[in-house]
Amino acid sequence: MKHAQRQAMARKFLYIIAGITVLILIGAISLAIWSRQATEIAFVPRTPFVEQTPLANNAYSDPAMWYSRPGMGTNDPARYEPAIEAKDGTIHPGQPADPSSTPRFAVFFVHPTSYLPLALSEKANWNDTLNDPVSEARARLYLRGMASAFNRADEIWAPKYRQAAVGAFLTDKPEAQKAIDAAYGDVREAFRYFVASVPKDEPIVLAGHSQGALHILHLLRSEIAGAPLQKRIIAVYAIGWPISVEHDLPALPMPACAAPSQTGCVVTWSSFAEDADPTMLMTRYAATPGFDGKPRGDGPILCVNPLTGSVNGSAPASANLGTLVPSADLSSGKLVAGAVPAQCNAQGLLMIGSPPEMGQGVLPGNNYHVYDIPLFWRNLQQDVVRRAKAWTNAQS
């Protein structure tokens, strides 16, 4: 019993340390983001890019290479079930769904950037290692708040990978693309092992946030498009990555999700509160080439409304079934219904009304990027199950 208590305390300590680290670095981002030049100075690594040593053959057969995978039990962060706040303010424990009421499907989830080194540090590399305790603890924290929305799946797989540093997404330096490509190489190997491990006829959900969403889209284009595997894809949740309606979406092998029960389609959104200032996001977005090789320009990005499950449109806060509001130390959270509305504007940004109290992770310009999934946690959970049921019913 004492040993179990010590383990529980150690896990909670890691979550608290990860939370404190996130708050410190988010504060640094807030100070640095007033200009692109200052941001690059703060976060773009100054060290030379170093080619990644290839992973050993079948490296992902090692359970230690996964944050989440079948058989981990209560140690699996993606299986987190948040408490629920009732209308009278009382808190009730969350309850896992009855497996018999949910169709079988497997999820491959890629976590967002958890490697946030300051460029002033000599240890600020272009890619993370596989054993950095700070970024690993932060990744587990992200999985608790994000991948857990997919926890109705019978299998959830979330790999460790040598992710690109946050600075790689703030610069045009050639080292940046090399770092992103290197990170994708690990994700690709993990995905191939995942596909070989799940039942051959089981449908699949691809999901990720931010950097993870970019890698998911790369998989979609390079590993899935035109292959027999494409028929098994329930949906692709590339949340928090701006997808150009003109220059990205037509190059994908799947359309945007235009209806809540549609399958074989793509879901994404980027959350902002009033008064929104998306300058940093849209400036960087406009400067990068689309999947068709052409500049994205200032055209709209894809917005699939998480409260309706369809492209564009709006829905009131009353349609929000549960926002995952984190505790002060980020070690737990509770679901609060009716917290925020959702409206896709002309730019394709998802507007959530007045700024909700979600913690210290809000970026300048009322950018709620860190909370894209927690803001609509319960609706996303139901969206995934609804599409999985639609896919299963279509096979009969």
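Source: prediction; values computed, not measured. (Residues numbered from 1 in each chain as written. Predicted model: local features only at pLDDT ≥ 70, side-chain atom pairs only at ≥ 80, totals over all residues. Heavy atoms only, no water.)

Trainee: Explain the overall build of the protein chain to me, please; I cannot follow it from the model alone.
Mentor: Helix and strand content of the protein chain: seven helices and 16 strands. Computed over its C-alpha atoms, the radius of gyration of the protein chain comes to 20 Å, within 12% of the 21 Å expected for a compact globule of 396 residues. Residues classed as buried in the protein chain amount to 54% of the 396 residues present. The contacts of the protein chain with a sequence gap of at least 6 include a subset with a gap of at least 24, amounting to 77%. Carbon and sulfur atoms form 57% of the exposed surface of the protein chain, whose accessible area is close to 17200 Å². If the 33 positive side-chain charges of the protein chain are averaged to one point and the 33 negative ones to another, these points end up 5 Å apart. (Helix = DSSP H or I, 4+ residues; strand = E, 2+ residues; numbered from the N terminus. Rg over C-alpha atoms; globule rule 2.2 N^0.38 Å. Buried < 20%, exposed > 50% of the residue type's maximum accessible area, 1.4 Å probe, protein only. Contact = heavy atoms within 4.5 Å. Areas by Shrake-Rupley, 256 points an atom, 1.4 Å probe, with all protein chains shown as cover. Lys, Arg positive; Asp, Glu negative; His and termini not counted. Charge placed at Lys NZ, Arg CZ, Asp CG, Glu CD.)

Trainee: Please explain the packing of helix H4 (residues 174-197) against helix H5 (residues 211-224) as it appears in this structure.
Mentor: Geometrically, a packed helix pair is captured by the angle between its two axes and the distance between the axes. Between H4 and H5, the shortest axis-to-axis distance is 10 Å and the interhelical angle comes to 65°. When the axes of H4 and H5 are compared, the crossing they make is right-handed. On the side of H4, the interface is formed by Ile180, Ala183, Tyr184, Val187, Arg188, Phe191 and Arg192, while H5 contributes Gln211, Leu214, His215, His218, Leu219, Ser222, Glu223 and Ile224. (Axes fitted to C-alpha atoms, helices over the stretch in contact; angles between N-to-C directions. Left-handed = near helix turned anticlockwise from the far one by under 90°.)

Trainee: It is not clear to me how the packing of aromatic side chains should be interpreted in this structure. Could you clarify?
Mentor: Ring pairs (aromatic) are described by centroid distance and by the angle formed between their planes. If you walk through the whole model with that rule in mind, you get 14 aromatic pairs. A centroid spacing of 5.4 Å and a plane angle of 70° characterise the contact between Tyr60 and Trp66, whose relative ring orientation is edge-to-face. For Tyr60, a relative accessible area of 2% translates into the label buried. Chaining the aromatic ring pairs together yields one cluster made of Tyr60, Trp66, Phe108, Trp157, Phe191, Tyr193 and Phe194. When the ring centre of Tyr80 is taken as reference, the NZ or CZ atom of Arg144 above it lies at 4.2 Å. (Phe/Tyr/Trp six-rings, centres within 6.5 Å; stacked < 30°, edge-to-face > 60°. Lys NZ or Arg CZ within 6 Å of the ring centre and 35° of its normal.)

Trainee: What's the story with helix H3 (residues 133-145) in this structure? I'm lost.
Mentor: Residues three or four positions apart in an α-helix share a direction because the helix packs 3.6 residues into each turn. Over its 13 residues, H3 extends 19 Å from the first C-alpha to the last, a length consistent with the 18 Å expected when each residue adds 1.5 Å. Where burial is concerned, most of H3 is hidden: 10 out of the 13 residues are buried. For H3, the full list of buried residues reads Ser135, Glu136, Ala137, Arg138, Ala139, Leu141, Tyr142, Leu143, Arg144 and Gly145. (Expected span 1.5 Å × (residues − 1).)

Trainee: What is the right way to look at the state of the cysteines in this model?
Mentor: Covalent bonding between the sulfur atoms of two cysteines is what defines a disulfide. The final tally for this structure, using the stated rule, is two disulfides. Across the disulfide from Cys303 sits Cys344; the S-S distance is 2.1 Å. Measuring the twist about the S-S bond at about -70°, one finds the Cys303-Cys344 disulfide to be left-handed. Separated by 41 residues along the polypeptide, Cys303 in the loop between helix H6 (279-287) and strand E10 (304-305) and Cys344 in strand E15 (residues 342-344) bring together distant segments of the chain. (Disulfide = S-S within 2.5 Å.)

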